[in-house]
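Structure assessment
Here are the chains, one letter per residue:
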Amino acid sequence: MPNDLPQGRVTFRGRGLAFISGTRIVVKICPLCSQWNAPKAAENGHCGWCAYVPSYLDVEPVAVARIGMI
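So, a few notes on the structure that sits alongside this text. (Residues numbered from 1 in each chain as written. Predicted model: local features only at pLDDT ≥ 70, side-chain atom pairs only at ≥ 80, totals over all residues. Heavy atoms only, no water.)

Right, let's get into the overall build of the chain. When you go through the chain residue by residue, the secondary structure sums to one helix and four strands. The order of helices and strands in the chain, counted from the N terminus, is β-β-β-α-β. The buried share among the 70 residues of the chain stands at 30%. For the chain, restricting intrachain contacts to residue pairs at least 6 apart in sequence, the fraction spanning at least 24 positions comes to 30%. In the structure as shown, the chain presents an accessible area of about 5,000 Å², 57% of it carried by carbon and sulfur atoms. (Helix = DSSP H or I, 4+ residues; strand = E, 2+ residues; numbered from the N terminus. Buried < 20%, exposed > 50% of the residue type's maximum accessible area, 1.4 Å probe, protein only. Contact = heavy atoms within 4.5 Å. Areas by Shrake-Rupley, 256 points an atom, 1.4 Å probe, with all protein chains shown as cover.)

Before going further, it helps to examine the packing of aromatic side chains. The final tally for this structure, using the stated rule, is one aromatic pair. Geometrically, the ring pair formed by Phe12 and Tyr52 is edge-to-face, given 5.9 Å between the ring centres and 70° between the ring planes. Within this pair, whereas Phe12 is found in strand E1 (residues 8-12), its partner Tyr52 is found in the loop between helix H1 (39-44) and strand E4 (59-61), the two being separated by 40 residues in sequence. Taking relative accessible area as the criterion, Phe12 reaches 4% and is therefore assigned buried. Residue class for Tyr52 comes out buried when judged on its relative accessible area of 15%. (Phe/Tyr/Trp six-rings, centres within 6.5 Å; stacked < 30°, edge-to-face > 60°.)

Before going further, it helps to examine the sheet that holds E1. An order of E3-E2-E1-E4 is seen for the four strands of this open sheet, with the pairing classed as antiparallel. Of all the strands in the sheet, the pair left with one neighbour each is strand E3 (24-29) and E4. Between one strand axis and the next, the sheet turns by 40° as a mean value, whatever way the strands run. Pairing analysis gives four bridges linking E1 to strand E2 (residues 15-21), with the strands arranged antiparallel. From the neighbouring strand, Arg9 faces E2, where its bridge partner is Phe19. (Pairing = 2+ DSSP bridges. Axes fitted to C-alpha atoms, helices over the stretch in contact; angles between N-to-C directions.)

The subject of this paragraph is the pattern of salt bridges. Within the structure shown, the criterion is met by two salt bridges. The salt bridge involving Arg13 is made with Asp58; its shortest N-O contact spans 2.7 Å. Taken as a pair, Arg13 in the loop between E1 and E2 and Asp58 in the loop between H1 and E4 lie far apart in primary sequence, 45 residues in all. Among the ionic pairs, Arg24 bridges to Glu43, the shortest N-O distance being 2.2 Å. (Salt bridge = Lys/Arg side-chain N within 4 Å of Asp/Glu carboxyl O.)

What follows is about the pairing of E1. With antiparallel pairing between neighbouring strands as the criterion, E1 and E2 make up a hairpin whose turn holds two residues, including Arg13 at a positive phi of roughly 55°. Pairing of E1 with E4 involves three bridges; the strand directions are antiparallel. Residue pairing for E4: Thr11 is matched across the bridge by Glu60.

Attention now goes to the pairing of E2. Alignment of E2 against E3, held across five bridges, turns out to be antiparallel. The residue bridging Phe19 from the neighbouring strand is Val26, located in E3.

Encoded structure:
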């Protein structure tokens, strides 16, 4: 497990949605089956629908778009 994981909102190669705190991953939207995850499975770091277990190698930080006034 890498020590340099991005913190906060992340995706898995641009798919799904998860949150990382320290080395803990909470999978909210599965990148494999695109289902909104069950809360208990999300907290355990896998998908409750398809049993996807995230790879730390696939983690990418979410790019936050700034919306400003024109």
